[in-house]
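Overview (structure and organization)
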Amino acid sequence: PARARRPGALGSDALVRRAAGAPNTYHRPFDLVYSDVAQQRNLKKISSLFAQADGDASGTIDMAELQDAMKKPEIRKSFAAVGVQPHQAQSLFGAFDVDRDGSLSMEEFMQGLAIVTRTG
């Protein structure tokens, strides 16, 4: 037996039609929200990688620190998660060192990896 609908209640078809025609001011499309969440996750990973690679906690990473960091399995795994393999470290370091001072600032590191991971 069919269930009786309350007076004034809309059926599911009517709700879908109403929602489709209504402006979507409170919700963004799922793909955009998911993309934002993924970008934030990648940025957090990148920030964490920088801290792990900055062996002397100077706020910059030099090539030796990056090479030492890449010897640690957990750091190699983290770099791999954002698309960087150990054999790419030296060439990426050179590309990321925008001011050519021989070290990467947090900004240079994050901007470089954000481009590599397409989060920036």
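Please refer to the structure higher up on the page.
Parameters and conventions
- Residues numbered from 1 in each chain as written.
- Predicted model: local features only at pLDDT ≥ 70, side-chain atom pairs only at ≥ 80, totals over all residues.
- Heavy atoms only, no water.
- Helix = DSSP H or I, 4+ residues; strand = E, 2+ residues; numbered from the N terminus.
- Buried < 20%, exposed > 50% of the residue type's maximum accessible area, 1.4 Å probe, protein only.
- Contact = heavy atoms within 4.5 Å.
- Core = buried A, V, L, I, M, F, W, Y, C linked by side-chain atoms within 4.5 Å.
- Phe/Tyr/Trp six-rings, centres within 6.5 Å; stacked < 30°, edge-to-face > 60°.
- Salt bridge = Lys/Arg side-chain N within 4 Å of Asp/Glu carboxyl O.
- Arc of directions from axis to C-beta.

A separate point is the overall build of the protein chain. Helix and strand counts for the protein chain stand at 6 helices and 2 strands. Helices and strands in the protein chain line up, N terminus first, as α-α-β-α-α-α-β-α. A buried classification covers 27% of the 120 residues belonging to the protein chain. Here the contacts in the protein chain between residues at least 6 apart in sequence split such that 55% fall between residues at least 24 apart.

Our focus in this paragraph is the nonpolar core. In this structure, Leu49, Ile61, Leu66, Phe79, Phe109 and Leu113 are the most contacted members of the largest nonpolar core, which totals 20 residues. Leucine 66 has contacts with Ile61, Phe79, Ala89 and Phe93, leaving out every residue within four places of it along the chain.

In the structure shown here, the tally under the stated rule is 2 aromatic pairs. Note on phenylalanine 79 and phenylalanine 109: the rings are 6.2 Å apart at their centroids and 85° apart in plane angle, and the pair reads as edge-to-face. Residue phenylalanine 79 is located in helix 4 (residues 73–81), and its partner phenylalanine 109 is located in helix 6 (residues 106–116); the two are separated by 30 residues in the primary sequence. Assessed through its relative accessible area of 2%, phenylalanine 79 is described here as buried. Ring-pair connections join several aromatic residues into one group, and the members of that group are Phe50, Phe79 and Phe109.

Attention now moves to the environment of phenylalanine 109. In this structure phenylalanine 109 comes out as buried when scored by relative accessible area, which is 2%. Phenylalanine 109 sits 63 residues away from isoleucine 46 along the chain, and the two C-alpha atoms are 8.0 Å apart. Other than its neighbours up to four places away in sequence, phenylalanine 109 contacts Ile46, Leu49, Phe50, Ile61, Phe79, Phe96 and Leu104.

Once the charged atoms of two side chains with opposite charge are near each other, the side chains can pair. Scanning the entire structure with this criterion turns up 1 salt bridge. Residues aspartate 68 and lysine 71 are paired through a salt bridge, measuring 3.6 Å at the closest nitrogen-oxygen approach.

Residue alanine 57 is not a glycine yet carries a positive backbone phi of 55°. Note on placement: alanine 57 falls in the loop between helix 2 (30–53) and strand 1 (60–62). For arginine 100, which is not glycine, the phi torsion reads 55° and is therefore positive. Along the chain, arginine 100 turns up in the loop between helix 5 (89–96) and strand 2 (103–105). Owing to a relative accessible area of 57%, arginine 100 belongs among the exposed residues under this scheme.

This paragraph deals with helix 5. Listed as buried for helix 5 are Ala89, Leu92, Phe93 and Phe96. Viewed end-on, helix 5 has its buried residues packed into an arc of 105°, placing them on one side of the element. Of the exposed residues in helix 5, those oriented more than 90 degrees away from the buried face are Gln90 and Ala95. Those residues of helix 5 hidden inside the fold are in contact with strand 1, helix 3 (63–69), strand 2 and helix 6.

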